[in-house]
Amino acid sequence: MKIAVIGCGHVGLVTGACLAELGHPVVGTDDDAQKIVALRQGRVPVFEPHLDALVMENVRRGRLQFTGDIAAAIQESGVIFICVGTPPLENGEADLSAIDKVARTIATHCQSQKLVVEKSTVPVRTGEELERVLQLYGGRSGIAHEVASNPEFLSEGRAIEDFFHPDRIVIGTSSEKARGTLENLYQPILEQKFACPVHSHCPPIRKPLLLTTNIPTAELIKHASNSFLALKISYINALADLCEIFGADVSKVAEGMGADRRIGREFLRPGIGFGGFCLPKDIQAFVRLAERGGYHFALLREVEKINERRIDHFMEKLRKALWVIADKQIAVLGLAFKPGTDDIRFSPALAVVARLLEQKAKVKVFDPKAMERARPLFPQLTYCRDAYEAAHEGDALLLATEWEEFRSLDWSKIRNSMARPLLLDGRNFFEPKAMAALGFEYHSIGRPDLR
Ligand code: UGA
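Read on for a plain summary of the structure. These numbers come from a predicted model, not from an experiment.

### With respect to the sheet that holds strand β6 (residues 146–149)
Overall, mixed pairing links the 8 strands, which are arranged β3-β2-β1-β4-β5-β6-β7-β8 in an open sheet. Looking at the sheet topology across the chains shown, the edges are occupied by β3 (64–67) and β8 (209–213). Along the sheet, successive strands turn relative to each other by an average axial angle of 25°, direction set aside. Where strand β5 (residues 115–118) and β6 come together, 4 bridges link them in parallel fashion. Residue pairing in the sheet places Leu115 in a bridge with Glu146 of β6. In this fold helix α2 (residues 33–40) packs onto β2 (26–29) and β3, with an angle of close to 150° to the strand it touches most, β3. Strands in contact with helix α8 (residues 176–185) are β1 (3–6), β4 (79–82), β5, β6, β7 (168–173) and β8; relative to β7, the strand with the most contacts, it is inclined by about 160°.

### Comments concerning the site of the ligand
Close contacts around the ligand come from 21 residues, with Glu152, Glu156, Lys222, Asn226 and Lys338 the closest. Between the ligand and Phe153 there is a distance of 3.5 Å, counted from an oxygen atom to a backbone nitrogen or oxygen. For the ligand, an oxygen atom lies 2.7 Å from a polar atom in the backbone of Glu156. The fraction of the free accessible surface of the ligand (710 Å²) that becomes covered by protein chains is 95%. The dominant element in the shell around the ligand, judged by the number of residues it contributes, is helix α10 (residues 215–246), at 4 residues.

About the thresholds
- Residues numbered from 1 in each chain as written.
- Predicted model: local features only at pLDDT ≥ 70, side-chain atom pairs only at ≥ 80, totals over all residues.
- Heavy atoms only, no water.
- Pairing = 2+ DSSP bridges.
- Helix = DSSP H or I, 4+ residues; strand = E, 2+ residues; numbered from the N terminus.
- Axes fitted to C-alpha atoms, helices over the stretch in contact; angles between N-to-C directions.
- Contact = heavy atoms within 4.5 Å.
- Near = heavy atom within 4 Å.
- Polar contact = N/O pair within 3.5 Å; in protein donor to acceptor, adjacent residues only side chain to side chain.
- Areas by Shrake-Rupley, 256 points an atom, 1.4 Å probe, with all protein chains shown as cover.

Here you go:
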């Protein structure tokens, strides 16, 4: 059955390319005409490992097409995945206008029954509204479309791997037929039987859990998961502050806690906080949604506050180390909100850069992938060819995004080229003793400083 993917952003492109890779015919559509032109020419507008190759290969095989004609795309497809953006409004709630528009288009253009799948991250009850809009605007056709929620749990930088080897697939729907259709689509993933585009030999991986439920429960699982991940990060960041007060080492605390299988080791990496277009906006939207329902989600509000304070805390470390920030030359390594992506939306690294500029520092930056995205927003920065150029003659070097390739730099060379070898590691990326042995004044998060 042909699949239409509405919205060719990160989620839509990954979903479309991966479904095509599984053998399904897919047509992707977007109201950004330039994006469609680029995709047709094989240019993928976001950096995501393996995505370029997957798009190109499936376009070549004729299994993946792109069109700007949304009406044609949905008419010729049996399943429609809605992957449009739901950016935050000023009050923190999610802007659902793009979903509403797609729903009205489906209702008014489709001559046959479709399965409409909401994939974008949406507040609970969006599925119910979607059903209502499809009914109201499709009244004249007399067609009752089916609706399902199938939230994505793709993490940027490893989205293709997450798609093929997920922990769970969640299907929320009241229709048995819809459930069967989606189960069939995902059968190779559920069975873990496919030619993996990521690994030549897949590591031993459990078959994913298939969780079928109603639409609001599926929607809530997504909110609950992202908010819990954010909560874990803020928890370890709060612990990092406590470790600094009591002279403890947060890495060991995280290791000790994480060894307990009930807690787990993941998402206990302290640092300058969580960013990106998912966790910060999803947590905000969840808090507002809960409040609308009369529940004051104080726990999650605190998670947000702890995260907001991370940048203040990091800047205070820098101020203490430098005494005066104004006029100092500071190198920032990493601009993306996390490694493995060129996405700079709500990036903690850029929040640090903005503070440095406010305080009149001279800022030199380097990021392996995100420089072109940052340039229009911060034209006043010095964009460097590599980390060496950024660090040269610097009074301090700040590590803001933990790109793996930074590990293999010649750190002795960097140390020798700096005016003052001050290294602030905002992601606890390095071993303190190793950096101190190289002659750095080394500060990190929640671990004793070494000089
Ligand atoms: C997140 C979720 O992890 C995905 O499961 C979800 O599908 C996705 O949002 C979404 O809603 O679309 P993503 O935003 O790509 O994925 O990135 P994460 O890996 O969750 O990282 C978010 C932020 O938290 C980054 O800034 C990262 O540096 C930070 N982080 C992560 C920490 O500070 N500490 C950690 O231990 C882990």
